[in-house]
Amino acid sequence: MDFNALGDTYIIIIAPFDLFGEGRYQYTFEMRCKENPEISLEDGAVRIFLNTRSHNPQDVSPELVELLSFIEHTNQTPADGTAQRSGNFSGRYHRSSPVKKSG
């Protein structure tokens, strides 16, 4: 199999704390050479670390903020009121709640 024919790989870690201490919702890593960061392996592997407790919504999409808030507060509606703006996640949650409760 040709290595270059493989699709991109995304590893996504969602944590209830900031792994790197910079207050970001998202940290994205791609393979770079330690000795020369301008050289990229370009193997299609991307590692994304998401933090549910950030305070910089301007750096990411409103949908990501809503998702991470929903994950942080799975038994509640998002604490920051984002569900009222788009309703994407809260609507899906409310539609799936009876299924979760019956199982």
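Scroll up a little and you will see the structure.
To start, this report covers the structure provided alongside it. Since the structure is predicted, the reported quantities are computational estimates derived from the model, not experimental observations.

**Description of the overall build of the protein chain**
Within the protein chain one finds three helices and three strands. The order of helices and strands in the protein chain, counted from the N terminus, is β-β-β-α-α-α. Within the protein chain, buried positions represent 26% of all 103 residues. Of the roughly 7600 Å² of accessible surface on the protein chain, a fraction of 53% belongs to carbon and sulfur atoms.

**As for the environment of Val-65**
Tracing the backbone through its elements, the reader meets Val-65 in helix H1 (residues 62-72). Given the relative accessible area of 4%, Val-65 is considered buried. Put simply, Val-65 and Tyr-25 are 40 residues apart on the chain and 7.7 Å apart in space, counted from C-alpha to C-alpha.

**Focus: the environment of Val-60**
Relative to the assigned elements, Val-60 resides in the loop between strand E3 (45-51) and H1. Its relative accessible area of 17% is what places Val-60 among the buried residues. Sequence separation between Val-60 and Gln-26 is 34 residues; the distance between their C-alpha atoms is 7.6 Å. Excluding anything up to four places from it in sequence, Val-60 contacts Tyr-25, Gln-26 and Val-65.

**Concerning the nonpolar core**
Ranked by size, the top nonpolar core spans eight residues in total: Tyr-25, Val-46, Ile-48, Leu-50, Val-60, Leu-64, Val-65 and Leu-68. For this core, the elements supplying multiple residues, two or more each, are E3 and H1. In this structure, Tyr-25 is in contact with Phe-49, Leu-50, Asn-51, Thr-52, Ser-54, His-55, Asn-56, Pro-57, Val-60, Val-65 and Leu-68, ignoring residues within four places of it in sequence.

**Observations regarding unusual backbone geometry**
Unlike most non-glycine residues, Glu-42 shows phi in positive territory, near 50 degrees. Note on placement: Glu-42 falls in the loop between strand E2 (26-30) and E3.

**A short note on the pairing of E3**
Most of E3 is tucked away, with five of its seven residues classed as buried. For strand E1 (residues 9-15) and E3, the ladder comprises seven bridges, and the chain directions are parallel. Looking at the pairing, Ile-13 lines up with Phe-49 of E3. Here five bridges tie E2 to E3, and the two strands are oriented antiparallel to one another. Its bridge partner being in E3, Glu-30 is matched across the sheet by Val-46.

**Details of the sheet that holds E2**
Pairing is mixed across the open sheet formed by three strands, whose spatial order is E1-E3-E2. Because the sheet does not close on itself, it has two edges, and the strands there are E1 and E2. Within this sheet the neighbouring strands show an average axis-to-axis angle of 15 degrees, counted without direction. Each of E1, E2 and E3 touches H1; the most contacted strand, E3, lies at about 60 degrees to it.

What counts and how
Residues numbered from 1 in each chain as written. Predicted model: local features only at pLDDT ≥ 70, side-chain atom pairs only at ≥ 80, totals over all residues. Heavy atoms only, no water. Helix = DSSP H or I, 4+ residues; strand = E, 2+ residues; numbered from the N terminus. Buried < 20%, exposed > 50% of the residue type's maximum accessible area, 1.4 Å probe, protein only. Areas by Shrake-Rupley, 256 points an atom, 1.4 Å probe, with all protein chains shown as cover. Contact = heavy atoms within 4.5 Å. Core = buried A, V, L, I, M, F, W, Y, C linked by side-chain atoms within 4.5 Å. Pairing = 2+ DSSP bridges. Axes fitted to C-alpha atoms, helices over the stretch in contact; angles between N-to-C directions.

Worth remembering: the numbers are spatial, not functional.
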